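Coordinate inspection notes
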Amino acid sequence: MAQDSVETDQATITETFDKNSSDLENKTDLKEDIQEESGPAKDCTDEASDIESVNKEMDEILSVPDPGIVESNVEKASGDQTVNEVETEGSMIEGAWADILGSGQLKKKTLRKGKSKQRPSSGDVCKIRYTGKLSDGLMIDTNDDFEFVLGDSEVIHAFDLIVALMELGEICQVETSPRFAYGEIGVPPKIPPNATIVYEIELIDSKPEKAPDELSLGERRKTGNKKRERGNWWYARSEYSKAIICYRRALDFLDSENEGVSEPPEKLQEILEDRLKVYNNMAAAQIKSEALDAAIKSLDVVLKCQPNNVKALYRKGKVLAEQGSTSDAIILFKKSSKH
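Residues numbered from 1 in each chain as written. Predicted model: local features only at pLDDT ≥ 70, side-chain atom pairs only at ≥ 80, totals over all residues. Heavy atoms only, no water.

Some points on the pattern of salt bridges
As a reminder of what qualifies: The salt bridge definition used is simple: a Lys or Arg side-chain nitrogen within 4 Å of an Asp or Glu carboxyl oxygen. We count a stretch as a helix when DSSP gives it H or I for four or more residues in a row; a strand needs E for two or more, and each element gets its number in order from the N terminus. Think of it in three bands: with a 1.4 Å probe and only protein chains considered, a residue is buried below 20% of the maximum accessible area for its type, exposed above 50%, and partly exposed in between.
According to the stated counting rule, one finds 18 salt bridges in the structure shown. Put simply, R112 and E202 hold a salt bridge, and the shortest N to O gap is 3.2 Å. Here the residue R112 occupies a position in strand β2 (residues 106–112), and E202 occupies one in strand β6 (residues 197–208), the gap between them amounting to 90 residues. Residue R112 is classed as partly exposed on the basis of its relative accessible area, which comes to 39%. Between D145 and K127 there is a salt bridge; the shortest N-O distance is 3.8 Å. Of the two residues, D145 sits in strand β4 (residues 139–149) while K127 sits in strand β3 (residues 124–134), which places them 18 residues apart along the sequence. Residue classification places D145 among the exposed residues on the basis of a relative accessible area of 52%.

Some details on the pairing of β4
Quick reminder of the rule: We call two strands paired when DSSP finds no fewer than two bridges between them.
Bridge count for β3 against β4 is eight bridges, and the pairing is antiparallel. Bridge pairing in β4 links V125 to V149. Between the antiparallel neighbours β3 and β4 lie four residues, among them G137 with a positive phi of about 95°.

Focus: the sheet that holds β3
Rules: Fitted lines through C-alpha atoms serve as axes, helices being fitted only where they are in contact, and the angles separating the N-to-C directions of these axes extend from 0 to 180 degrees.
Judged by pairing direction, the sheet is antiparallel, and its six strands sit side by side in the order β1-β2-β5-β6-β3-β4 without closing on themselves. Sheet topology places β1 (97–99) and β4 at the edges, where each strand pairs with a single neighbour. Neighbour-to-neighbour, the strand axes of the sheet open up by a mean angle of 25°, direction not taken into account.

Description of the packing of helix α4 (residues 217–236) against helix α5 (residues 240–254)
Counted only if it meets this: For classification purposes, angles smaller than 35 degrees are called roughly parallel, those larger than 145 roughly antiparallel, those between 65 and 115 roughly perpendicular, and all remaining angles oblique. Residue contacts are counted whenever heavy atoms from the two residues lie within 4.5 Å of one another. The classification used treats Ala, Val, Leu, Ile, Met, Phe, Trp, Tyr, Cys and Pro as nonpolar, Asp, Glu, Lys and Arg as charged, and all other residues, Gly among them, as polar.
Direction vectors running N to C along α4 and α5 enclose 170°, while the axes themselves pass 8 Å from each other. Judged by the inter-axis angle, α4 sits roughly antiparallel to α5. On α5, the residues touching R220, R221, T223, G224, N225, K227, R228, R230, G231, N232, W234 and Y235 of α4 are Y240, K242, A243, C246, Y247, R249, A250, F253 and L254. Tallied by class, the residues present in the contact of α4 with α5 amount to nine nonpolar, five polar and seven charged.

Looking at α5
As a reminder, the rule being used: One less than the number of residues in a helix, times 1.5 Å, gives the span that helix is expected to have.
For α5, spanning 15 residues, the distance from its first C-alpha to its last is 21 Å, which sits close to the expected 21 Å at 1.5 Å a residue. For α5, the full list of buried residues reads Y240, K242, A243, I244, C246, Y247, A250, L251, F253 and L254. Where α5 is buried, its residues contact α4 and α6 (265–288).

Some details on the side chain of R220
Rules: Side-chain atoms alone can form a polar contact between residues adjacent in sequence; in general such a contact is a pair of N or O atoms within 3.5 Å, and within protein one must be able to donate a hydrogen while the other accepts it.
Looking at the secondary structure, you find R220 in helix α4. A distance of 2.5 Å separates a polar side-chain atom of R220 from the backbone oxygen of F253.

Structural notes on the pairing of β6
As paired strands, β3 and β6 are joined by eleven bridges and run antiparallel to one another. Across the sheet, residue I128 finds its bridge partner in β6, namely L203. Here strand β5 (residues 171–176) runs beside β6; their pairing, made up of six bridges, is antiparallel. Pairing of Q173 across the sheet is with E200, part of β6.

Looking at unusual backbone geometry
Cis geometry is adopted by the peptide bond preceding P189, which originates at P188 and carries an omega value of 0°. Relative to the elements of secondary structure, P189 occurs in the loop between β5 and β6. In the Ramachandran plot, K117 falls in the positive-phi region, its phi being about 60° despite a non-glycine side chain. For K117, a relative accessible area of 78% gives the class exposed. A positive phi angle, close to 65°, is found at S238, a residue other than glycine. As for its position among the elements, S238 is in the loop between α4 and α5.

Description of α6
Here α6 spans 35 Å end to end across 24 residues, near enough to the 34 Å set by a 1.5 Å rise per residue. The positive-phi residue at the C-terminal boundary of α6 is E290, with phi of around 65°.

Points about the environment of K127
Accessibility expressed as a relative area gives 25% for K127, which makes it partly exposed. Between the C-alpha atom of K127 and that of L203, which follows or precedes it by 76 residues, the distance is 6.3 Å. Apart from the residues lying within four places of it in its own chain, the contact partners of K127 are D145, F146, E147, E202, L203, I204 and D205.

Here it is in structure tokens:
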């Protein structure tokens, strides 16, 4: 392609992004994951072949923020322990504090013993009663009938770790450092930053979670979206690995393999859109985690069904630019700015 064509292409991109970057960010908020499609993808043939001549332009393009994700100034909380990493010691001495991880950051005291050797397994739906207080005694949370899936990152890390050690019917007291609770940012205004929290937890029941093929389409959609929303919560806190866990579990329930041929077309379309939201959001978390190849695969799933999805186009462009595929990235940026 001639040099004057490249210069024209650069000027077009600059003008387009100066004019549309604000609009692009506004119309792709994380809460609105699925964009209305305006027809098949248009053919983009004005690809710049001279990579070196457009590097300067790419510096400007790459400064445009990712649409659909509001950046947080908080730092990622440390600590990647899982339920399987906890030493599940035989029995806790009743009334004595047990230092679960040996660091003093997570302690458990048994107030009432439960049924011997009846502990929940990872993937079980656990029903608990709990209260939570700050170290000064201020009550911050209470729930008499709370359910979550153990090990699926649906709760704070302390709950996943401690409930895995409890026996059915047991009541215990837990003291958790911010690292295993709400970290450096807390949950303002209720939970301040860097808060140590003392919980009292009773394990009421534990049973395996129903498999996706045991649920109706509506039940699968409800469960999948609950897990997606939890993933969004973790993403907003810059906990990208936990967000990815939630998104992957959401896909287990929203996957097309579990759809029946007798389902109404409009219901199948709804669960398809939910599924694409998950892939799009998971790609954003994978990009933040620098898992670029995985992000490309997630985005390709979206673009196969929705060729004009703005966020997927933009994010794939960002990934390609990071990988050095500058010309391909420019094409996707230009295409995303048109919708």
